[in-house]
Amino acid sequence: MKRVLLIHTGGTLGMAEGKPDNSLKPVQFQESVVNFVPELKQLAEIETVFAFNIDSANLTVRHINKLVEVIKENYEFYDGFVIIHGTDAMAYSGSALSFLIENNSKPIILTGSQKPLRHIRTDARLNLINAVEFATMDIPEIAICFNSKLMRANRATKVSSGDFDAFDSPNFPLIASVGVDIVVNNICIGSVKPHGKTVFRFLDPAINILVLKTFPAINPEIYFTLVNNQDIDGVIIEAYATGNVPILENTLIPLIEKCRNLNIPVLITSQAKKGRVNLKLYQCGKEAMRAGALSAYDMTFESAITKLHYLLSIGLNGDELRVFLSKNLSGELTV
Ligand code: ASP
């Protein structure tokens, strides 16, 4: 039987309504998840480790690094890993892991649920069963398993706060889907360097990334103040559709130029989840590109920000950083 390590990090799956306000919060697991879902033992030999137990809204760089550490310590002893994680920040953790674990050769599957495992109508049981089953298969991917879908983690994003179908992979096909049969889309599984070593890296908690979203009433001065007075290492602009930013009354071009002069990378993502940034299509994108902004192409926001953080963490800057930001490092973008 394959050996799978269940890594608990928190999220709704392990929550319960608690005093004084009846809101959902993490509770101590008196019994292990495997006791709640004993069928899991039919799929694999399972051991559980508690990395931390939080609502993923409280996730920090420290937690992501802890997760990498737990996987690193256990990597050689298991065939696959299932990370029980809150859905809110799951795509951030999954994207970060995809950059921090280089040349991964094992299934590392993140899952969680919209309703706690203790609830009768929970989606946790099925998500867990599917995730453990995927963790026993030959799928060397860092992936999110949710509602019978397996998605590459750095392509997935949370799209619903109320549906069991909470995640989507808008710009990349599903790796697998579960119906009567499990259908694996083999051509979507990343390749592993045959004799390559798996390398584990960590995020630098001291990196400051400024995120700015375009909207009609935007006041660029606010961001100038931040760029001038704070220690900003990188900027993400969540622009309109194909990467358009205002260039007239409330123009962002001087801000982008200022960043270029200060050697601060500016990466443009899109408010549209589906499709890709193409800075050459409109004048409003082209001016941003001329001023020094880079395209995030079809990366999710979660992927773009964790990639920028990772590259800054390993000490890249200037042209080298720009080259790596635009490259496909871990299946996160289509060039
Ligand atoms: N707030 C929860 C979390 O992300 C939501 C969930 O798990 O579904 O931890």
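The structure under discussion appears in the preceding block.
Keep in mind that this is a model prediction, so the values were computed, not measured.

A. Structural detail: the overall build of the protein chain. Counting its regular elements, the protein chain contains 10 helices and 18 strands. The C-alpha atoms of the protein chain give 21 Å as radius of gyration, which agrees with the globular expectation for 335 residues (20 Å, within 12%). For the C-alpha atoms alone, the extent of the protein chain along its principal axes is close to 60 × 55 × 35 Å. Out of the 335 residues belonging to the protein chain, those deemed buried represent 53%. As displayed, the protein chain has an accessible area near 15100 Å², and 50% of this comes from carbon and sulfur atoms. Computed over 32 positive and 34 negative side-chain charges, the inter-centroid distance for the protein chain is 2 Å.

B. How the structure looks around the packing of helix H3 (residues 61-74) against helix H4 (residues 90-100). Contact pair H3 / H4: the axes reach a minimum separation of 10 Å and the direction vectors enclose 55 degrees. The angle between H3 and H4 places the two elements in the oblique class. The chirality of how H3 crosses H4 is right-handed. When H3 is examined against H4, the residues Ile64, Leu67, Val68 and Ile71 are found in contact with a partner set consisting of Ser93, Ala96, Leu97 and Leu100. When its residues are assigned to classes, the contact of H3 with H4 shows seven nonpolar, one polar and no charged.

C. Structural detail: the pattern of salt bridges. Counting across every chain of the model gives 13 salt bridges. For Glu141, the salt bridge is made with Arg152, and the minimal N-O distance between the two is 2.8 Å. You can see Glu141 sitting in the loop between helix H5 (124-135) and strand E8 (142-146) and its partner Arg152 sitting in strand E9 (residues 149-152), a full 11 residues away along the chain. Taking the relative accessible area as the measure of exposure, Arg152 reaches 7% and is therefore buried. In this structure, Arg290 engages Glu287 in a salt bridge whose closest nitrogen and oxygen atoms are separated by 3.4 Å. Of the two residues, Arg290 and Glu287 both sit in helix H8 (residues 283-290), three residues apart, roughly one turn of that helix. Assessed through its relative accessible area of 57%, Arg290 is described here as exposed.

D. Up close: the site of the ligand. Taken together, Gly11, Thr12, Met15, Asp55, Ser56, Gly86, Thr87, Asp88, Ser113 and Gln114 make up the full set of residues adjacent to the ligand. Within the backbone of Thr12, a nitrogen or oxygen atom sits 2.9 Å from an oxygen atom of the ligand. For the ligand, the accessible surface in isolation is 260 Å², of which the surrounding protein chains cover 91%.

E. Structural detail: the sheet that holds strand E15 (residues 209-213). Pairing within the open sheet is parallel, and its four strands lie in the order E15-E16-E17-E18. The outermost strands of the open sheet, each flanked by one partner alone, are E15 and strand E18 (294-295). Sheet topology note: the E15/strand E16 (residues 234-239) ladder contains five bridges and is parallel. Counted as the bridge partner of Val211 is Ile236 from E16.

F. Just the sheet that holds strand E1 (residues 3-10), in detail. With mixed pairing, the eight strands of this open sheet are ordered in space as E4-E1-E5-E7-E8-E9-E12-E13. Edge positions in the open sheet fall to strand E4 (45-54) and strand E13 (182-184), since each of these has one partner strand only. The sheet shows a mean angle of 20 degrees between the axes of neighbouring strands, direction not considered. Strand direction decides the pairing type here: E1 and strand E5 (residues 80-84), joined by five bridges, are parallel. Considered in E5, the bridge of His8 is made with Ile84. Its contacts with the sheet place H3 against E1, E4, E5 and strand E7 (108-111), and it is angled at close to 160 degrees to E4.

G. Structural view of the packing of aromatic side chains. This structure, assessed with the given rule, holds five aromatic pairs. In this structure an aromatic cluster arises from ring pairing among Tyr75, Tyr78, Phe81 and Phe200. When the ring centre of Tyr78 is taken as reference, the NZ or CZ atom of Arg3 above it lies at 4.8 Å. The ring of Phe324 is capped by Lys327, whose NZ or CZ atom sits 4.5 Å from the centre of that ring.

H. Summary view of the side chain of Ser113. One can find Ser113 in the loop between E7 and H5. When its relative accessible area of 2% is taken as the criterion, Ser113 is described as buried. Polar contacts involving the side chain of Ser113 include one to the main-chain amide nitrogen of Leu13, which spans 3.5 Å. In terms of polar contacts, Ser113 uses its side chain to reach the backbone carbonyl oxygen of Lys115, at 2.7 Å. Among residues more than four places away in sequence, those in contact with Ser113 are Thr12, Leu13, Thr87, Thr122, Asp123, Ala124, Asn127 and Phe146.

I. A look at the packing of helix H9 (residues 301-313) against helix H10 (residues 318-326). Closest axis-to-axis distance for the H9/H10 pair is 10 Å, and the angle between their directions is 145 degrees. Here H9 and H10 pass one another in a crossing that is right-handed. Across from Lys307, Leu308, Leu311 and Leu312 in H9, the residues of H10 making contact are Leu321, Phe324 and Leu325.

About the cut-offs
- Residues numbered from 1 in each chain as written.
- Predicted model: local features only at pLDDT ≥ 70, side-chain atom pairs only at ≥ 80, totals over all residues.
- Heavy atoms only, no water.
- Helix = DSSP H or I, 4+ residues; strand = E, 2+ residues; numbered from the N terminus.
- Rg over C-alpha atoms; globule rule 2.2 N^0.38 Å.
- Buried < 20%, exposed > 50% of the residue type's maximum accessible area, 1.4 Å probe, protein only.
- Areas by Shrake-Rupley, 256 points an atom, 1.4 Å probe, with all protein chains shown as cover.
- Lys, Arg positive; Asp, Glu negative; His and termini not counted.
- Charge placed at Lys NZ, Arg CZ, Asp CG, Glu CD.
- Axes fitted to C-alpha atoms, helices over the stretch in contact; angles between N-to-C directions.
- Parallel < 35°, antiparallel > 145°, perpendicular 65-115°, else oblique.
- Left-handed = near helix turned anticlockwise from the far one by under 90°.
- Contact = heavy atoms within 4.5 Å.
- Nonpolar A, V, L, I, M, F, W, Y, C, P; charged D, E, K, R; others polar.
- Salt bridge = Lys/Arg side-chain N within 4 Å of Asp/Glu carboxyl O.
- Near = heavy atom within 4 Å.
- Polar contact = N/O pair within 3.5 Å; in protein donor to acceptor, adjacent residues only side chain to side chain.
- Pairing = 2+ DSSP bridges.
- Phe/Tyr/Trp six-rings, centres within 6.5 Å; stacked < 30°, edge-to-face > 60°.
- Lys NZ or Arg CZ within 6 Å of the ring centre and 35° of its normal.

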